[in-house]
Amino acid sequence: MTGKAKPKKHTAKEIAMKVDAATTNRGGGKAGVEDRKAADKGGHAKLACPVCRVTAPDIKSMVIHHEARHPKLPFEEDKLINLHAQTSAEPVAEASKPKPGNTKLSYEGGEIFL
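Thresholds applied
Residues numbered from 1 in each chain as written. Predicted model: local features only at pLDDT ≥ 70, side-chain atom pairs only at ≥ 80, totals over all residues. Heavy atoms only, no water. Helix = DSSP H or I, 4+ residues; strand = E, 2+ residues; numbered from the N terminus. Buried < 20%, exposed > 50% of the residue type's maximum accessible area, 1.4 Å probe, protein only. Areas by Shrake-Rupley, 256 points an atom, 1.4 Å probe, with all protein chains shown as cover. Contact = heavy atoms within 4.5 Å. Salt bridge = Lys/Arg side-chain N within 4 Å of Asp/Glu carboxyl O. Pairing = 2+ DSSP bridges. pLDDT = per-residue confidence, 0-100.

(A) How the structure looks around the overall build of the protein. Check the secondary structure of the protein and you find four helices and five strands. The order of α-helices and β-strands along the protein, N terminus first, is α-α-β-β-α-β-α-β-β. Out of the 114 residues in the protein, the part that is buried amounts to 14%. Total accessible area on the protein stands at roughly 9,900 Å², and carbon and sulfur atoms take up 57% of it.

(B) Looking closely at the side chain of H65. Among the structural elements, H65 can be located in helix 3 (residues 59–69). What H65 contacts, discounting residues up to four positions off in sequence, is C49, C52, V54 and H70.

(C) A look at unusual backbone geometry. Positive phi, normally seen in glycine, also occurs at R53, with a value near 65°. Relative to the elements of secondary structure, R53 occurs in the loop between strand 1 (47–48) and strand 2 (55–56). Given a relative accessible area of 51%, R53 falls into the exposed group.

(D) Local environment of the pattern of salt bridges. A complete count under the given rule lists two salt bridges for this structure. Taking the shortest distance from any N to any O, the salt bridge between K79 and E76 comes out at 3.3 Å.

(E) Focus on the sheet that holds strand 1. Read across the sheet, three strands follow the order 2-1-3 without closing on themselves; strand pairing throughout is antiparallel. Lying at the two open borders of the sheet, with one neighbouring strand each, are strand 2 and strand 3 (81–82).

(F) Spatial organisation of the confidence of the model for the protein. With 61% of its residues at a pLDDT of 70 or more, the protein shows a mean pLDDT of 76. Per-element confidence in the protein ranges from a low mean pLDDT of 51 for helix 4 (residues 89–95) to a high of 94 for helix 3.

(G) Fine view of the environment of A48. Examined against the element boundaries, A48 turns out to sit in strand 1. Accessibility expressed as a relative area gives 1% for A48, which makes it buried. Taking the C-alpha atoms as reference points, A48 and I59, separated by 11 residues in sequence, lie 9.8 Å from one another. Setting aside chain neighbours within four positions, we find A48 in contact with R53, V54, T55, M62, L80, I81 and L83.

Okay, here's the thing in structure tokens:
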């Protein structure tokens, strides 16, 4: 025997909220890795802290982070790192570094790989 004030079934609002929570990407876990990294695919993290490299989506969030984590340092908006403004030239520079074990020596007769 159930009480008069207790509903026997779930309401439509409750079911809709559960479906929304289950299907919406909130940016956590494996699904949100690209979003948190501010990758070329339009991640939400636009700014990075110049002190500790923590990312934030806007200046207001970065001010809150800076006041909480770096209270002794003055906040300078011009020193923030804009992750969306960076070009793809940086990964190319890393790729041109010589890999360990693949040392190439050049001489007049050709090249030797060590």
